[in-house]
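As a plain string of letters, each chain reads:
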Amino acid sequence: MMLIACRLTVLAQPAYRVEAQVSATTGDNTPLWLNANKHGLSSLKNNNGYLRAALLNPIHGDTSKISFGYAADAALAYGYTSTAVIQQAYAEVGWHRLRLTAGSKEYPMELKNRRLSTGSQTLGENARPVPQLRVALDDYWMVPGLRQWIGVKGHVAYGLTTDDGWQRDFVAPDNRYTEDAMYHSKAAYLRIGPRRVVFEIGMEEACQFGGRSHMRQPDGKMQIVRGDKDLKAFWHALIPGGSDETDGPFSNKMGNHLGSWLARLTVDQPSWAAKVYVDHFFEDDSQLTHLSFDGYGTGVEKNKHKKNRYFLYDFSDCLLGMEIELKDSRWISHAVVEYMHTKYQGGPVYHDHTATISEHICGRDNYYNHGVYTGWQHWGQPIGNPLYTAPLYNADHQIMFENNRFVAWHLGADGHPAENLQWRLLATWQRGYGQYIAAFEDPRETLSMMAEAEYSFPQSSRLKGWSARCSVGFDSGKLIGDNLGLQLTIIRSGMLKK
């Protein structure tokens, strides 16, 4: 008789965290860096706040045993898009580095400094988590026999967005909104090199599909466009294919597909480390492959390959960054500088070739927007990078990104001058041009800054487990207004007793 046994483990001591935050602002909105990259638990309204409580017991690290984790994390808020917020609610099972997670969970951005970067362009930390079923290698699995030189990680996930009510309440009458939209994301990353010099390259891809989009027609009437949600639709989300009901003669892929190419080079030394990285966004083949076949005929031969000719797209759109880590320095521990350019988008040209125009140059990609879905947003916030001006800013109450063509420079730095004291500084200059199809009459600039300090009481004091954070931020310019804000956060955290 064969006996099969496996060991199960659940972490014995879950952590708890209770948090209270208040924000006060003068101006039109909460300053950018008091609002952005908080997994959507934030608000643009002048005065806002929340009381948050969480029980956290995630799976940590690599384990040869089958392990279980979970989290319950909720907030009561005022001045937010909803009063009750279920921020995280998930259960997960793991074995070695493999994880299966069901529910809403805050996932970190990849290949960037989470505290100092502006954020990833596809899978960032700016919007509320989407409830999903996700299979992942959360950390690099090193290929055996190669002396730790080659590692891989990645994930595949399907989920359902939760902002139907907010979209209906926010959108202006007779404007587009989408209900019950499905969500898909996947990513793969490759790590090459020894410990001191490491090169990482990856691809993140996502899709919105299914659901019901309410769209205004030229005659003023509203039409409901229903997206596919059968098994074939799930396959076309994974491997782009199919088409949407509104495609007409120019058939595209089903749903709203988008993604990024990412790469990072790390040089790690005993007293310092340097990282150089790039995040290149794409909406279709023009920025995915940068090559387009451009040898079609005319008239009845408009879809026939007549010439061996290709069009090469420009490589200017990307987020470029560098991070320096000073391991022996307390006052300045990390410094980040980033440059972001999104003006090209395939160029200001037509969409597809026709019977009379044989050139096939697919420009005007209109980043983060889509013809059927309400774009790469959740609860009014970009799912990717917050420098794409969020729909929440729109005074006309259209759910779309009215500023997605811009250039920006960003600086970030932090330090820990004392054992229980840390600080952070963010500064961003941005010039926005609107969209290709709706450009601003004049470019709009803004300067956004934030200074933050956090003190954690020592373990030897009566207030151990308590910490306090004070953040001051401002915006100045015509893009998102002139804003000045103060944000105070009190945190109590620790481990539950057995």
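Attention here is on the structure that accompanies the text. (Residues numbered from 1 in each chain as written. Predicted model: local features only at pLDDT ≥ 70, side-chain atom pairs only at ≥ 80, totals over all residues. Heavy atoms only, no water.)

This part is about the sheet that holds strand β12 (residues 212-216). Spatial ordering of the open sheet is given by β9-β12-β13, a layout of 3 strands whose pairing is antiparallel. Each edge of the open sheet carries a strand with a single partner, namely β9 (177-179) and β13 (222-226). Ignoring strand direction, the axes of neighbouring strands in this sheet form an average angle of 25°. (Pairing = 2+ DSSP bridges. Helix = DSSP H or I, 4+ residues; strand = E, 2+ residues; numbered from the N terminus. Axes fitted to C-alpha atoms, helices over the stretch in contact; angles between N-to-C directions.)

Now for the pattern of salt bridges. As enumerated under the stated definition, the model contains 19 salt bridges in all. A salt bridge links K153 to E110; the shortest N-O distance between them is 2.8 Å. One end of the pair, K153, is in strand β8 (residues 150-160); the other, E110, is in the loop between β6 (98-104) and β7 (132-142), and 43 residues separate them in sequence. In terms of burial, K153 and E110 fall into one category: buried. (Salt bridge = Lys/Arg side-chain N within 4 Å of Asp/Glu carboxyl O. Buried < 20%, exposed > 50% of the residue type's maximum accessible area, 1.4 Å probe, protein only.)

Before going further, it helps to examine the nonpolar core. Formed by 33 residues in total, the largest nonpolar core has its most connected members in L32, W33, M340, Y368, W376, L387 and Y388. Secondary structure elements with two or more residues in this core: α1 (32-35), β15 (272-282), β19 (334-341), β22 (406-418) and β24 (439-456). Listed in part, the 10 residues of the second largest apolar core include M182, C207, F209 and A237. (Core = buried A, V, L, I, M, F, W, Y, C linked by side-chain atoms within 4.5 Å.)

Glancing now at the pairing of β13. Two faces, one strand: in a regular strand the side chains alternate between the faces of the sheet. Sheet analysis places β12 next to β13, joined by 5 bridges and oriented antiparallel. Counted as the bridge partner of S213 is V225 from β13. Linking two consecutive strands that pair antiparallel, namely β12 and β13, is a turn of 5 residues; a positive phi of about 90° is found at G220 within it.

The tally for this structure, following the rule as stated, stands at 17 aromatic pairs. Here Y158 and F234 contribute two aromatic rings whose centre-to-centre distance is 5.1 Å and whose plane-to-plane angle is 40°, an arrangement assigned as tilted. Here F234 lies in helix α3 (residues 231-238) and Y158 lies in strand β8, a separation of 76 residues in the sequence. According to the relative accessible area criterion, F234 is partly exposed, its value standing at 25%. When the ring of F281 is compared with that of Y367, the centres are 5.1 Å apart and the planes differ by 75°; the resulting orientation is edge-to-face. Here F281, found in strand β15, pairs with Y367, found in the loop between β19 and β20 (377-378); they are 86 residues apart in sequence, far enough to count as distant. Residue Y367 is classed as buried on the basis of its relative accessible area, which comes to 1%. Among the aromatic side chains, those forming a connected cluster through ring pairs are F281, Y367, Y368, Y388, F401 and F406. The ring of Y433 has K343 sitting right over it, with the charged end atom 4.4 Å from the ring centre. Sitting above the plane of the Y436 ring, R405 keeps its charged end 4.0 Å from the centroid. (Phe/Tyr/Trp six-rings, centres within 6.5 Å; stacked < 30°, edge-to-face > 60°. Lys NZ or Arg CZ within 6 Å of the ring centre and 35° of its normal.)

Next up on the list: the side chain of H280. Mapped onto the secondary structure, H280 falls in strand β15. A polar side-chain atom of H280 sits 2.9 Å from the main-chain carbonyl oxygen of Q287. Sequence-distant contacts of H280, defined by excluding residues within four places in its chain, comprise Q121, G259, S260, W261, Q287, H290, D317 and C318. (Polar contact = N/O pair within 3.5 Å; in protein donor to acceptor, adjacent residues only side chain to side chain. Contact = heavy atoms within 4.5 Å.)

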